[in-house]
Amino acid sequence: MAAQNKIINNFSITIATVNGSGSQTANTTLLRALFKMGIPVSGKNLFPSNIQGLPTWYTIRVSKDGFTARRDEQEVFVCMNPASFEKDLAEVLPGGAFFYADHIKNPITRTDISVYPMPIRKLVKTADVSPGLRDYIANMIYVGILAHTLGIDLEKIHSALDFHFKGKPKPIESNINMVKAGAEWASKNLSKSDPYWVEPMDKTKGLIMADGNTAGALGAIYGGVQFAAWYPITPASSLAESLNEYLPKLRKNAEGKHTYAVVQAEDELSAIGMTVGAGWSGLRSMTSTSGPGLSLMTEYAGMAYFAEVPIVVWDVQRIGPSTGLPTRTSQGDLTFTNFMGHGDTQHVILLPGSVNECFEFGSLALDLAEHLQTPIFVLSDLDLGMNQWMTDAFRYPDKPLDRGKVLWEEDLEKIKGDWGRYKDIDGDGIPYRTLVGNRHPKSGYFARGTGHDEYARYSENPQVWEANMNRLRIKYKTARTIVPKPIIDSSEKSDIGIITFGSNEPAVYEARTILKLEGITTDYLRLRAIPFTNEVAEFVKSHKRVYIVETNHDGQLNQLITIELPGQAKKFKSICLDNGLSLSASWIKEKIQGMEAK
Amino acid sequence: MAAQNKIINNFSITIATVNGSGSQTANTTLLRALFKMGIPVSGKNLFPSNIQGLPTWYTIRVSKDGFTARRDEQEVFVCMNPASFEKDLAEVLPGGAFFYADHIKNPITRTDISVYPMPIRKLVKTADVSPGLRDYIANMIYVGILAHTLGIDLEKIHSALDFHFKGKPKPIESNINMVKAGAEWASKNLSKSDPYWVEPMDKTKGLIMADGNTAGALGAIYGGVQFAAWYPITPASSLAESLNEYLPKLRKNAEGKHTYAVVQAEDELSAIGMTVGAGWSGLRSMTSTSGPGLSLMTEYAGMAYFAEVPIVVWDVQRIGPSTGLPTRTSQGDLTFTNFMGHGDTQHVILLPGSVNECFEFGSLALDLAEHLQTPIFVLSDLDLGMNQWMTDAFRYPDKPLDRGKVLWEEDLEKIKGDWGRYKDIDGDGIPYRTLVGNRHPKSGYFARGTGHDEYARYSENPQVWEANMNRLRIKYKTARTIVPKPIIDSSEKSDIGIITFGSNEPAVYEARTILKLEGITTDYLRLRAIPFTNEVAEFVKSHKRVYIVETNHDGQLNQLITIELPGQAKKFKSICLDNGLSLSASWIKEKIQGMEAK
Amino acid sequence: MAIPVTNTNQIGLQKNDYKGLPSTLCQGCGHNSISNQIITACYELGLVPEEILKFSGIGCSSKSPAYFLERSFGFNSLHGRMAPLATGAVFADTSLKALGVSGDGDTASIGMSGFKHMLRRNTPMVYIVENNGVYGLTKGQFSATAEVGLSLKHQGTNPYMPVDICMEAIISNATFVGRSFAGDPKQVKELIKAALNHRGVAVLDIISPCVTFNNQVNAFHSYTWGKDHEAPLHEISFVPKLDEIILADDFMPGTVTEVCLHDGSMIVLKKLEKDYDPTDRWQALHMLEESQRNNWLVTGLIYIECDTPTLTDRHNLPDTPLNRLTDKDLRPAPETLDQINSSML
Amino acid sequence: MAIPVTNTNQIGLQKNDYKGLPSTLCQGCGHNSISNQIITACYELGLVPEEILKFSGIGCSSKSPAYFLERSFGFNSLHGRMAPLATGAVFADTSLKALGVSGDGDTASIGMSGFKHMLRRNTPMVYIVENNGVYGLTKGQFSATAEVGLSLKHQGTNPYMPVDICMEAIISNATFVGRSFAGDPKQVKELIKAALNHRGVAVLDIISPCVTFNNQVNAFHSYTWGKDHEAPLHEISFVPKLDEIILADDFMPGTVTEVCLHDGSMIVLKKLEKDYDPTDRWQALHMLEESQRNNWLVTGLIYIECDTPTLTDRHNLPDTPLNRLTDKDLRPAPETLDQINSSML
Ligand SMILES: Cc1ncc(C[n+]2csc(CCOP(=O)(O)OP(=O)(O)O)c2C)c(N)n1
Ligand SMILES: Cc1ncc(C[n+]2csc(CCOP(=O)(O)OP(=O)(O)O)c2C)c(N)n1
Ligand code: SF4
Ligand code: SF4
Ligand SMILES: [Mg+2]
Ligand SMILES: [Mg+2]
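Residues numbered from 1 in each chain as written. Chains lettered and ligands numbered in written order. Predicted model: local features only at pLDDT ≥ 70, side-chain atom pairs only at ≥ 80, totals over all residues. Heavy atoms only, no water.

Teacher, can you tell me more about the overall build of chain A here?
A tally of regular secondary structure across chain A gives 20 helices and 26 strands. For chain A, the C-alpha radius of gyration of 26 Å lies close to 25 Å, the compact-globule estimate for 598 residues. With respect to the three principal axes, the spread of C-alpha positions in chain A is 85 × 65 × 40 Å. Burial statistics for chain A: of 598 residues in total, 69% are counted as buried. Pairs at least 24 apart in sequence give 76% of the contacts found in chain A among residues at least 6 apart. Total accessible area on chain A stands at roughly 18,400 Å², and carbon and sulfur atoms take up 52% of it. Averaging the locations of the 64 positively and 67 negatively charged side chains of chain A gives two centres separated by 2 Å. (Helix = DSSP H or I, 4+ residues; strand = E, 2+ residues; numbered from the N terminus. Rg over C-alpha atoms; globule rule 2.2 N^0.38 Å. Buried < 20%, exposed > 50% of the residue type's maximum accessible area, 1.4 Å probe, protein only. Contact = heavy atoms within 4.5 Å. Areas by Shrake-Rupley, 256 points an atom, 1.4 Å probe, with all protein chains shown as cover. Lys, Arg positive; Asp, Glu negative; His and termini not counted. Charge placed at Lys NZ, Arg CZ, Asp CG, Glu CD.)

I tried to follow the nonpolar core on my own but got confused; where do I start?
When a protein is soluble and globular, its nonpolar side chains tend to lie buried together. Membership of the largest hydrophobic core comes to 219 residues, with the highest contact counts inside it found for Phe55 and Ile302 of chain C together with Phe55 and Ile302 of chain D. Beyond its immediate chain neighbours, meaning those up to four positions away, Phe55 of chain C contacts Trp280 of chain B together with Pro65, Phe75, Met82, Leu85, Ala86, Ala89, Ala98, Leu99, Gly100, Val101 and Met125 of chain C. (Core = buried A, V, L, I, M, F, W, Y, C linked by side-chain atoms within 4.5 Å.)

Which parts of the structure should I look at to understand the site of ligand 3?
Inspection of the region around ligand 3 gives Ile51 of chain A together with Leu25, Cys26, Cys29, His31, Cys60, Asn132, Cys210, Val211, Thr212 and Phe213 of chain C as its neighbouring residues. Around ligand 3 the close residues trace back to chains A and C. Counting atoms within 2 Å of the grid points, the majority share of ligand 3 lands in the second largest cavity. Along the lines of polarity and charge, the residues of the shell around ligand 3 split into 8 nonpolar, 3 polar and no charged. (Near = heavy atom within 4 Å. 1 Å grid on protein atoms, 1.4 Å probe; cavity = no way out; pocket = protein on both sides within 12 Å on 5 of 7 lines; lining within 4 Å. Sits in = over half its atoms within 2 Å of the grid points. Nonpolar A, V, L, I, M, F, W, Y, C, P; charged D, E, K, R; others polar.)

I tried to follow the coordination of the magnesium ion (ligand 5) on my own but got confused; where do I start?
Four donors placed tetrahedrally around a metal ideally meet at 109.5 degrees, and six donors placed octahedrally ideally meet at 90 or 180 degrees. Residues and elements named next belong to chain C. Protein coordination of the magnesium ion (ligand 5) is provided by Asp104 (OD), Asn132 (OD1) and Val134 (O), with donor distances spanning 2.1 Å. Between consecutive donor residues of the magnesium ion (ligand 5), the sequence gaps follow D-x27-N-x1-V. Pair noted here: Asp104 is in helix α4 (residues 104-109) and Asn132 is in the loop between β4 (125-131) and β5 (134-135), with a separation of 28 residues, a long-range link. Side by side, Asp104 and Asn132 carry an identical accessibility label, which is buried. (Donors = N, O, S within 2.8 Å, 3.2 Å for Na, K, Ca; no water.)

Quick question: what am I supposed to make of the pairing of strand β11 (residues 261-264) of chain A here?
Each regular strand shows side chains that alternate between the opposite faces of the sheet. Residue and element names in this part refer to chain A. Pairing between strand β10 (residues 227-230) and β11: 4 bridges, direction parallel. Counted as the bridge partner of Phe227 is Ala261 from β11. Following the chain from β10 across helix α8 (residues 237-250) to the adjacent parallel β11, one finds a crossover that is right-handed. (Pairing = 2+ DSSP bridges. Right-handed = clockwise from strand over helix to strand, strands pointing away.)

Got a minute to help me understand unusual backbone geometry in this structure?
When glycine is set aside, most residues are seen to have a negative phi, and most peptide bonds are trans. Residues and elements named next belong to chain A. The omega torsion across Thr234 and Pro235 is 0 degrees, close enough to zero to call that bond cis. The omega angle of the peptide bond from Ile530 to Pro531 is 15 degrees, so this bond is cis rather than trans. With respect to the element layout, Pro531 can be found in the loop between β24 (529-530) and α18 (534-541). A positive phi angle, close to 60 degrees, is found at Glu308, a residue other than glycine. For Glu308, a relative accessible area of 0% gives the class buried. Even without a glycine there, the phi angle at Ala456 is positive, about 70 degrees. On the secondary structure map, Ala456 appears in the loop between β20 (446-448) and α16 (462-482).

Can you walk me through the confidence of the model for chain C in this structure?
In low-pLDDT segments, the atomic positions of the prediction should not be examined closely. Residue and element names in this part refer to chain C. Mean pLDDT over chain C stands at 88; residues scoring 70 or higher make up 89%. Under a pLDDT of 50 for its full length, residues 217-236 has, in the predicted model, 55 contacts with residues more than four places off or in other chains. In the predicted complex, the global pTM is 0.96; the interface-specific ipTM is 0.96. (pLDDT = per-residue confidence, 0-100.)

Dropping the structure here:
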């Protein structure tokens, strides 16, 4: 193929397999090898909600320009699954490449693409592995074939495998052997007719590859988390499991004692209950869950809010309502979380937009919880939480832990024990608290979810109730001033503003780039927290039309901003899609272009 | 006292007792006697969240003009409780009357009111009752004394007691004897110096006295409720307990068999779970709870929404967040209910504004649930649910039960079994369903909270998910057209509109009357359901300023209307108060007047 | 051309009429084998599929009702909440039989309360727990029935005594309690048949190994070797296809048999004696205690009691199914409302 | 002038230092009497009030922690959710003792699951159930421990066998299980003392009659006559003030005593024999079975086991209370993050 026709570092590879067949290792090895070549990549796993036997797709986007959002198009396809063959074949872009295991006997119905049958079974048989592992190791063959055909550095694949198997020679060897067998076969038998190639770059320096759940867990660990209770649920489980993995390594003290405790609860009612108990008693305390578990946490969330107990609740969102699709992403829990709990509640919500921010907010959420004495919800999602992303290396926190207003024995001594648990001394709505184990005879108080006065005494007095609620509103105002400010790019000085949040960032970033190419410049605000800080109102006020882009059905951020800025409500244009997939730049672009044309 | 100074049928009586002392009978007897005299009355019980020994107040408003809202002022006070004496004494309006049990030895510190010590203990001793019952029967003495002093007809008291004790001669006799003893003592010993009198009227004809919880239960019974599951909670318990009371009387068939079942569940998770099971299987099914229970119902509510199971959930609101004050009223669950459940939900909510409407909606909610195949939430509150109100007599339903789109054997036969559980045949978003026990071999389907196609088959397909959600939104649109329309009074053709809902009705009605006297005319809309019908938008559009009056802290209806009508958002002015008491007309009036002056 | 011989049961249906969709569970999963026995039991009993209600919670086990009785109504409910849902549904038409399939996590962890209270009420249903000691669908965390001391990769060692479903059932006054092993299809089938004929709640605790996640770290099986070659990541992406474990046919009443699971670990099953009397609640409890001490899993019909009224019995319902009653049955006469109104004057 | 003699305990505190706010429970409520015994037990043990954590759920019983140990930290949590809250809180400072008070509704109805799972974990706390068979605070509906056949006005007759808290505790592997009667203050106090000294979870099922709502229709007591004169409304507005029931001092180990409750109904208490061995789990279960059959409520220390590690033991915590650790203890060194970053290249 002529060099001028080559398409370099700018395409997507999708690998179709059966879940449970072990392709995850192969796919992440590919991803990481590309990353190690210095090429910007992103990987997305589209998997079914079962354990074995159903179709699953893994898409690697290779993008010299650093775009990492999902694309609707796939140029290179590897099909290992007879069940999805027909559909897969149909999806390849004209001019694309279609690799498939040659034991699949379906007819090839397209002539506009390059088709490469791969003798997977034959090659596997030559390998020295037990029959039970053949299916598994088979995946390494397509890695080898792709490597050869696209130009992926075998050395980088080797070091990706080394990474994956943490240096254990045996599995590294048996895997790399299969990769080599694949590459060798390709070099001898496959004549390339597609234009897709990769070439080394230097665009991944300073970056790492990680998923948001691991990052959130690490963030919490560096943020001094002391207690976590959880109940398994997709796609949140790996957050707690990362705590279990890293805490023993990172948080043993000199005597080998644990400076933390993690408890697997019997359900989410208890997971949050334990978290509240721990938070109340002075531990930096968190739980992690997804939609159904979040719903079950409602009653205790309301109590934590009202009794002012610091806790952190990670909600790694999947698509709902109800059980929905446990393995598909969404941002659909926003309004629910905002109003979560009967009675008047106003929760503080953090909205991480990158893996790195998951790390940062993992720690920040604990700070804010103790500072504000309130539950902090961190809304991540499946896409951010479970997929591998390029991201800035994690930065060691530069501030000490914020433990909030706590009075210990000596503090009480100084003020002669004259304190009230719910008294607003500083005018910021945040009272002082004491912690269990404080031996000062005036330290104790009786926490409750019932109406209480400034001294935590039960009260049914209407004025007392109102005063307490008003103080909680002052506290919410304080929250406005200390939650993370949005990321803003108003450099275009456009009439058009785009507001988005969370994992939409890459798609919106890319959409803005394409829109600009087509003559539509836009300014940008990525929200990182609720309540809204001043910057949001200013951004809205300084733009004529504001598109609010989100991954849910009802435009939930649009709803909340409308409540926040009723005077600006006419400006808002809701752009939302919710089908289990993350947004693509082209879809966003089309939408905005279409609405601008009107 | 000169006749011209008399204040007739226009004052409030507050009776301060200790809870558990049996004063409820005495107070409702007074209330009912006044009602039977044809005088408009309302009664409100302000009681603590315990069983015995704490202060409780019962206020009867006597209003020739038919105002039934809470007032901040009390003209006539009866104090039976030493613990609250000082506070009670301070609260009587200048010129008012203060009756108290003379064994309370606190000093009388006021000279601007009429003070009447009552020799309760002495009179009780003369009665022929066992010592254990003396405290209880003591309350009848103040009934007698008040009756004499205010001019309440003893005959009416007799028939009120007859009502209360369902004609049982023994208790009626012992009670009326004490009343008479009180009245007799008063006629001999008390010289009246206050201006408050009652006189018979004919303003209660066609009305009955009832509470909203009983009405809701009766409505459900006449609405053909077949299944109810519940868990005790104040202030909702009496709704389910009324079902238990009335169902056996009203819903045995000719063979003495029950055409219903009521189950006390072990908690609210199970109460709603059973309700969903019953609703799915084709029973008209309901549950009733209050805030904390509602929070626990979140997960199943989301599933009922998404699997499209008809259920009715009564939420008799008390003040929250959290356990809050279990015996104080509020309208604080509105936004929570609207968004209840993770993922994108949009619930249908009914907002009864009177006891009669509780009856009406008790039945209508079941109709709407089956018609729309979705959970219907009925948001009542403690004030409406537990207090006795004058209300129109219950009207027998004039329409047959709406059982919605159900296919039985013969229906399936006709269409040759060709149906899909979630197929939108009629374009209204409402699919057809079959019910268990249907013997047609094509009748069965597998209901689920996971993603599903038109045939209820599990699907992870993005388009299938979206199509289903879009259909649910069409269904919500259909709901807009069939939920109860608001009650509107635009006769003033004012620039000012007032929107309110639920038990605020009497206070707003009265506030409008006073405002008008002071030169501010207002139009009025009482919302009765969410989603909003067209009338709401029209009302808003045709007014310049719209006050939204509600009993919660954050102006929750204001928030929801803002989302609904962003283009009109600048018009909305939120008026809200949430301290456990129902709104008073004077407070509303002050607020509006103040805001109009600006 | 030969006419194919199709077997039909007493009501003229073929076994196919009792089947469901193809299973999406792992090959070798005990749950599949239980599904098959449900199909066979219903076929052999000659039940009408439309007269069976299927229920489940959430989990691999709770997916399985999709894989049998396709023609029956079913409800795949919420995690841990099958019991209340079924409780509400059985009122609609008491001529139907209810059959629920749940997991050990679904029942004994998150669903403990609803399970116990359903038993107290004697809700008329068959309640099968497909018990594997782990959360299969969420990839292998310990459930409340995990044996004490079980070590799993990524999970560590379970420090807690397992919840004994049968003992819980008996002290909650369940009226039919059995235990079996997915690999003993004959016994499973017979117990399901008996349970379907029981009037009241019938609990079947069926040990149903999770081939994928309940496998111990230190076992020597090649499967574990495979794991060794996998990355120690949260995502376990390789699931080898294994065969179901089926006991030899000679597992006789009164005997003990050891079963080697896929990961090389052992469980000890003891089949109840032929002359064991399952009608004595206290003896049943003693027997369970004894086998706990001996580390046996006793299989068979452990307890049965036939005289307790069921939940629906207690409600004095009409013969016509409640869900077929009409307006006439459901709305009291107008006069009654007049009476109520006049009682409130 | 005479100097008043004030009694102090071994740590120099007066009994007053252990008191709480005045009770707002009904006069005669068994719960008050238990509060008093908690006060006395802590006083006599010489515990430092600040070193006790109080917990409760929601209910009359759950209000009672406000009425003892005013100086202690406490948390009046949610209905049925005391167990998880306490479980989270005991990690903060393991030098403290946790004391929870719950009701039978709170524990055995809505709280069943959390209760059972807390027991499995051996959460170090004293868990008192003030058991009256009804929901007191919501006015007298049956709870899950209501005896079968109990008839209450407005509630009908309870058809279900009661949940036996002690049996539930034992089969969930609780390590200390006792039962007593609120009217036997000496036994209550001694059991509370023993429980406070137990390392692990200690369950005390204390029968604590609700004078207001657990009273039967057909009893002849004048109290019931009073009810008769009340309206049969949902709101029971008259609560007579009754005295607490206190047993005679001669209720000796091994004997049986009948107690007449305020409403005229009887319960039969049997005090465990002096030589009863509470360390044998299976014997304890047998004994509970036996007394169920005889309709006795056995009182005393039913079961104790001291070797099981507690929940917090298993977590290998430092000596310094977790909630007093500082940044230095809680934030790993910068190098570790560099390592992590480089492991993710
Ligand atoms: C409220 C809630 N929490 C958590 C989950 C996630 N979840 C799905 S299945 C499952 C465990 C299932 O375990 P088990 O019942 O033992 O079934 P198995 O898969 O082992 O057959 C969990 C925790 C959920 N669906 N809902
Ligand atoms: C989630 C929830 N549901 C219901 C209630 C109402 N409620 C308050 S106390 C109570 C019952 C308490 O009974 P029990 O625990 O036996 O205590 P008792 O009052 O009898 O001492 C109930 C149902 C509640 N507070 N929260
Ligand atoms: S993961 Fe385990 S329980 Fe689930 S299907 Fe596979 S083998 Fe069965
Ligand atoms: S209602 Fe019963 S449980 Fe509650 S305080 Fe009164 S006597 Fe005690
Ligand atoms: Mg399991
Ligand atoms: Mg109780």
